[in-house]
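# A structural walkthrough
Chain by chain, the residues run as shown.
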Amino acid sequence: GTLACLGAGKGLDVTIVTGDGDTLQLVNPRVSVMLTRRGVSDLECFTEEGVQNKYGFAPELVPDFKGLRGDSSDNIPGVPGIGDKTGMSLVGKWGSLENIYEHLGEVTPPRIAKLLEEHREAAFQARDLARIVTNLPINFEFENCRYGNFTREQRETALATVRLFEFKSLIARYSST
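The sections below set out a description of the structure shown in this document. (Residues numbered from 1 in each chain as written. Predicted model: local features only at pLDDT ≥ 70, side-chain atom pairs only at ≥ 80, totals over all residues. Heavy atoms only, no water.)

### Things to note about the packing of helix α3 (residues 62–69) against helix α7 (residues 120–130)
Two elements in contact, α3 and α7, have axes whose closest approach is 7 Å; the angle formed by their N-to-C orientations is 130°. Our classification of the angle between α3 and α7 gives oblique. As for how α3 packs across α7, the hand of that crossing is right-handed. Along the contact surface, α3 presents P63, D64, K66 and G67, while α7 presents A123, A126, R127 and A130. Grouping the amino acids of the contact of α3 with α7 by side-chain chemistry returns four nonpolar, one polar and three charged. (Axes fitted to C-alpha atoms, helices over the stretch in contact; angles between N-to-C directions. Helix = DSSP H or I, 4+ residues; strand = E, 2+ residues; numbered from the N terminus. Parallel < 35°, antiparallel > 145°, perpendicular 65-115°, else oblique. Left-handed = near helix turned anticlockwise from the far one by under 90°. Contact = heavy atoms within 4.5 Å. Nonpolar A, V, L, I, M, F, W, Y, C, P; charged D, E, K, R; others polar.)

### Details of the packing of aromatic side chains
What characterises a pair of aromatic rings is the spacing of the ring centres plus the angle enclosed by the ring planes. Using the criterion set out here, one finds six aromatic pairs in the structure. Note on Y55 and F57: the rings are 5.9 Å apart at their centroids and 40° apart in plane angle, and the pair reads as tilted. Given the relative accessible area of 3%, F57 is considered buried. Here the aromatic rings of F140 and F142 are separated by 4.8 Å at their centres, their planes lie at 75°, and the arrangement is edge-to-face. Overall, F142 belongs to the partly exposed group, its relative accessible area being 22%. Geometry around Y101 places R120 over its ring, the cationic atom sitting 4.7 Å from the centre. (Phe/Tyr/Trp six-rings, centres within 6.5 Å; stacked < 30°, edge-to-face > 60°. Buried < 20%, exposed > 50% of the residue type's maximum accessible area, 1.4 Å probe, protein only. Lys NZ or Arg CZ within 6 Å of the ring centre and 35° of its normal.)

### Remarks on the nonpolar core
Nonpolar side chains tend toward joint burial in soluble globular proteins. Ranked by size, the top nonpolar core spans 33 residues in total, and within it L24, L68, L90, I100, V107 and L116 carry the most contacts. Mapped by element, the contributors of at least two residues to this core are α1 (2–9), β1 (14–18), β2 (31–36), α3, α4 (84–94), α5 (97–102), α6 (110–118) and α7. In terms of residue count, the dominant contributor to this core is α6 (four residues). (Core = buried A, V, L, I, M, F, W, Y, C linked by side-chain atoms within 4.5 Å.)

### Focus: the environment of N99
Mapped onto the elements of the fold, N99 is located in helix α5. Between the alpha carbons of N99 and K114 there is a distance of 16 Å; along the sequence they are 15 residues apart.

### A closer look at the sheet that holds β2
Pairing within the open sheet is mixed, and its three strands lie in the order β1-β2-β3. Edge positions in the sheet fall to β1 and β3 (43–46), since each of these pairs with one other strand and no more. Sheet twist, expressed as the average angle between the axes of neighbouring strands with direction ignored, equals 20°. In this structure, β1 lies alongside β2, joined through five bridges in parallel fashion. Bridging from a neighbouring strand, T18 pairs with L35 of β2. Packed on one face of the sheet, α1 meets β1 and β2 and runs near 160° to β1. (Pairing = 2+ DSSP bridges.)

### Description of the environment of S96
Tracing the chain through its elements places S96 in the loop between α4 and α5. Sequence separation between S96 and F150 is 54 residues; the distance between their C-alpha atoms is 47 Å. Ignoring sequence-local partners within four residues, the contact set of S96 consists of L61 and D64.

### Things to note about the side chain of T2
Secondary-structure assignment places T2 in helix α1. For T2, a relative accessible area of 5% gives the class buried. In terms of polar contacts, T2 uses its side chain to reach the backbone amide nitrogen of L136, at 3.1 Å. Residues within four places of T2 in sequence aside, it is in contact with V133, T134, N135, L136 and I138. (Polar contact = N/O pair within 3.5 Å; in protein donor to acceptor, adjacent residues only side chain to side chain.)

In structure tokens, the structure reads:
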């Protein structure tokens, strides 16, 4: 998260390739996410518009959504009884958890309002756990990551890595240098 923000801040277009949907919260005009579905041969690319179209809310609200529905892959419980559909509806309508709880009296059905009321602390804690850190104090020079002029050993290491992760389009690039 921090590297994506640093790169975007330097005017770079950043693409994150991952199977972790939590990274959708990082999407902005300079950061896109390619979610892997079945290895790297089946990717779904997300821009701000893509996140909005799929979930019904902006990327920065992904942690609020996770705060409601939880995330079993990250051991984040969320609010019991609230799944994708209800979570997307609540965040799509009111946005942040703070705003949802300000409108708790308007939440229907009453069963959902009661669940939210009973599990308020868990929702906020789950949101905090789902947030990706974007401000670590690191010194990183993107210039040092430029592609080109590999030694033979560096080329072999890079080629082994792209083969391991099945980045087929990069295999040809590294093989030809």
